[in-house]
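Take a look at the letters that make up each chain.
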Amino acid sequence: MKFRVNDEWRELDASPTKSLLDVLRDDLFLTGTKRGCDSGECGACTVIMNGKAVNACLVLATELDGSEITTIEGLGRSVDKLHPLQKAFIEKGAVQCGFCTPGIIMTAKAFLDMNPKPTEEEVRDAISGNLCRCTGYSKIVNAILAGAEEVGRLKH
Amino acid sequence: MYIDDLKFSDVLYGKILRSPHAHAKIKRIDTSKAEALLGVRAVVTGKDAPFRGGEAIRDQPFLAVGKVRCVGEVVAAVAADTKEIAEHAIGLIVVEYEPLAAVLDVMEAVKPSAPLIHEEMHAYAHMPVVTVVPHTNICAKFEFKQGDVEKGFRESDYVFEDTFRFPTGHHCQIEPFGAVAQVSVNGKITIWVANDAPHRLRKDIADAMGIPFENLRVICPPFMGGGFGGKGGLKVETVCIALAMHTNGRPVKIILDREEVFMASLMKHAAVATVKTGVKKDGKIVATHAKLYYDTGAYAEKGPTVTLHGCESGVGPYKVPNTLVEGYTVYTNNPVAGALRGYGLPQSSWAHESMIDMIADKLGIDQIEMRLKNALEEGSINPTRGDILTSVGLKECITKAAEAIEWNKPRPLNRGVGIACEYKATKTPSGSSAFVKVEQDGSASVITSAVEVGQGIKTILAQIASEELGIPMDRVIVTSPDTDYTPWDASTTASRATFHMGNAVRNAAKDAKVQILALAAAALSVSAEDLEVSNGEIRLKGGDKKMTVAEAIRGKWKSGLTVLGRGTYYPEIKGTMFSARSIFYMYAAQAVDLEVDPETGKIKVHKVAAAHDVGKALNPMAVEGQIEGGVVQGLGTGLWEEVLYDENGKMLNPNFRDYRVPTAVDAPEIIPIIVEATHEEGPFGAKGIGEMTLVSTPTAVGNAIYNATGIRLKELPATPERLLKYLKARSSRTEE
């Protein structure tokens, strides 16, 4: 089974009992993707698969052949090369414990790719599948709106 | 890097077999089939680790011995080469139970006829501040008393009394609980765990096992994925140790799944509170008697001190001359309840802050005016402990929250605002120690056991060290706890870290700075008093730069050396932990603007204004983040969150589908308001914030519902189902 993770080809024997989350965390050591509930209810394991945000815990490893996966590790490779969303999360104070952050950023990235100029309501709706217990969401929503603006600015 | 991100070669995976019964004798455990399974390296039951632990009362076995006291209690555990083998092995263990009568309601559990949950309670070791009631299910009782409450009621024009129930709930940290334990050949135990008090954990385990501190090392990963009070005490740590004692040095890792986190980590206390208040016609409170019952579940955990703090704030933040607060921590056969942000206060607030509104309403006094008339202020006497209060920003909190929510603005039917306010102690006395080391390149490290739970303590401590040392913040690093290297800290709880550890770090930085300036003074042949340091540069006061911090160190020790600063903080207050008046008190008022749909009972929260007196906000953005997060947790408590059990004590909704945690769509606009009544002993005037942020929210929700609909709830959460029942009754009354 061959698939691309963060622009690199990977080849693995797919175990039928494994999820994409198991593959990322246990086989590829990409622990930036978090395990919160293992049943698709908290969003902490969100990654981008073929352009769409998915819960990695709900994707079977056997479905991966030929697919393109982006995880939080693929977004900003170092502190001076952060994605605008990551920068905005830091600047707006949108990170507290940080456990939900990778999942929310990946959800937001996939969302902004489709909807580059969202309203606050649309942002709230987009991340409603990602639970955060620390921030009360205000600063996360502000960060995503600020990140959207910055992404737009960089494109022009 | 969180606990489950730590990788160990040769690691074994642990899995726990849990009790299906709320209360049962263990007749027999047969582990032979599990032991025989290929890949299983250890199987343990209660007899393999005959230790009992617990912060307040040493009542909880590492694994059940003789009987189980709640569904989810640890009965046996397995360590195996893979998670799958461990899971399989658990299924091969046979346990024979003899079910016992269980008691699941706190008010039933205090009756003399209730089944006794801990027959040996009177023999348990406990904190000095705890008074047990032998041969009952009351594992701790507390009393606070000022003046003469009966005389106060006689002098009152009106006396009101009512009873309020508060639901249990869960912290729902998004990171599940987990730990890794390893026992080396010399018997030393190392445990990696995201625990909010690594030194307390070491002490609790050492006390339980009868081993000296040096034989136990607790290492915290750099981050904890949410704590809110839940990740303290003994959770998976003890099971991990029990297994690791039988694996010939191989580390054992246990990460709980979400259902286990819900069912068997820690709960919020359900509570029943009765409050009786006497007032004069003008609204002045003369006397308050509160009686609080906290359901602590099968083991005491921090229940006794949760009760104590709830009682201490049990009459509200008011000048009440006659008070009596009685609190009871009660064993039931429910899962263990312990610390959850607010530490017993959301429960007591729900009673006395609902009561204040009910009184104001009866007397025809505005609810804000009623509060301002009685509110604590600078120099007031603490109504429960009797100490004189200083650094009191309560009235400013009330007026600012009311103003921000536009209290007096007319609102349509079924829309309303409600307010609640509170004061809270921190656990006192408690101590913190820290080192600050300054290296020969002018960088600094803060060596501390404070735990980063997401509140930003690493940032705050770096700010404090940077400010005091005169070294830029980007040249300061802050360690994570490792009890072999980082010094004692009581805990990262009780909103105490900025104040206590902040002071310790500040003192350590001062100590280091004195040494650095002495080096510079000798090199420059001037007096150290004439020197100052900022931005890593040393200068004559008001003059030009003379040398850098790095040059001062290297100038003296040309082959290199480290400057070591040490600092401690322990408030000058007598007594054992929790027994004394608080070193500081936090004050807050929160106002909620919401709308009730009369057809569905659904509530839409439009806005919350939350004003908090934090002494001095060292990092305003972090304070705002605490307020916003606490408010949304508080809305969850008030509106949606309730753990449900069947009649046998089994949890019915141990997942995020059926236990409703607020999402981004549920969260309203929040206006965080920072009030600064500086504290003379706080670092740069700071007090604390974290715990206070969800104390008042559920009650403000209840008060807003009343103002919107005329429906006075005495139980929470205000789910559509619950509200609809009252709305139907209201409309049938109107029709009549």
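Residues numbered from 1 in each chain as written. Chains lettered and ligands numbered in written order. Predicted model: local features only at pLDDT ≥ 70, side-chain atom pairs only at ≥ 80, totals over all residues.

Considerations on the packing of helix α12 (residues 457-469) of chain B against helix α13 (residues 497-524) of chain B
All names here are of chain B. The interhelical angle for the contact between α12 and α13, taken along N-to-C directions, is 30 degrees, at an axis separation of 9 Å. As summarised for this structure, α12 and α13 are arranged roughly parallel, according to the angle between their axes. Once α12 is placed against α13, the crossing between them reads as right-handed. Here I457, I460, L461, I464, A465, E468 and L469 of α12 lie close against α13, whose contacting residues are A497, T498, M501, G502, V505, R506, A509, K510, A512 and K513. (Axes fitted to C-alpha atoms, helices over the stretch in contact; angles between N-to-C directions. Helix = DSSP H or I, 4+ residues; strand = E, 2+ residues; numbered from the N terminus. Parallel < 35°, antiparallel > 145°, perpendicular 65-115°, else oblique. Left-handed = near helix turned anticlockwise from the far one by under 90°. Contact = placed C-beta atoms within 7 Å.)

Focus: the sheet that holds strand β2 (residues 8-11) of chain A
All names here are of chain A. As summarised here, the arrangement of the five strands in space is β2-β1-β5-β3-β4, forming an open sheet in which the pairing is mixed. Two strands bound the open sheet, and with one partner strand each, they are β2 and β4 (52-55). When strand polarity is set aside, the average angle formed by the axes of neighbouring strands in this sheet is 35 degrees. Pairing between strand β1 (residues 2-5) and β2: four bridges, direction antiparallel. The residue bridging F3 from the neighbouring strand is R10, located in β2. Lying over the sheet, helix α3 (residues 101-114) contacts β3 (46-49) and β4, oriented at roughly 35 degrees with respect to β3. (Pairing = 2+ DSSP bridges.)

Some remarks on the domain arrangement of chain A
All names here are of chain A. In terms of domains, chain A is made up of domain 1 (2-74) and domain 2 (79-155). For domain 1 versus domain 2, the distance between C-alpha centres works out to 20 Å. At the interface, 14 residues of domain 1 touch 13 residues of domain 2. Only β3 and β4 provide two or more residues apiece to the side of domain 1 that touches domain 2. It is β3 that contributes the most residues to the side of domain 1 that touches domain 2, three residues altogether. Across the side of domain 1 that touches domain 2, the residue classes break down as seven nonpolar, five polar and two charged. (Domains from an automatic or database assignment. Nonpolar A, V, L, I, M, F, W, Y, C, P; charged D, E, K, R; others polar.)

Focus: helix α15 (residues 620-639) of chain B
With 20 residues, α15 of chain B should cover 28 Å at 1.5 Å per step; its first-to-last C-alpha distance of 28 Å lies within 8% of that length. Taking burial as the measure, the 20 residues of α15 of chain B include 18 buried ones, the bulk of the element. (Expected span 1.5 Å × (residues − 1). Buried ≥ 20, exposed ≤ 12 C-beta atoms within 10 Å, placed from the backbone.)

Quick look at the interface of chain B and chain A
Counting residues at the interface gives 33 residues for chain B, matched by 28 residues for chain A. Broken down by element, the side of chain B that touches chain A gets its largest block of residues, eight residues, from α15 of chain B. Here the residues of the side of chain B that touches chain A are counted per class, giving 16 nonpolar, 10 polar and seven charged.

A look at the sheet that holds strand β13 (residues 189-193) of chain B
Sheet strands line up and pair through hydrogen bonds in the backbone, either parallel or antiparallel. All names here are of chain B. In spatial order, the strands read β3-β7-β1-β15-β12-β13-β14; together these seven strands make up an open sheet with mixed pairing. Looking at the sheet topology across the chains shown, the edges are occupied by β3 (40-45) and β14 (216-219). Mean inter-strand twist for the sheet, computed between neighbouring axes without regard to direction, equals 20 degrees. Across six bridges, the pairing between strand β1 (residues 12-18) and strand β7 (residues 74-80) is antiparallel. From the neighbouring strand, R18 faces β7, where its bridge partner is V74.

Digging into the environment of A617 of chain B
All names here are of chain B. Position of A617 relative to the elements: it lies in the loop between β29 (603-613) and α15. Linking A617 and Y343, residues 274 residues apart in sequence, is a C-alpha distance of 22 Å. In this structure, A617 is in contact with V623, I674 and E676, ignoring residues within four places of it in sequence.

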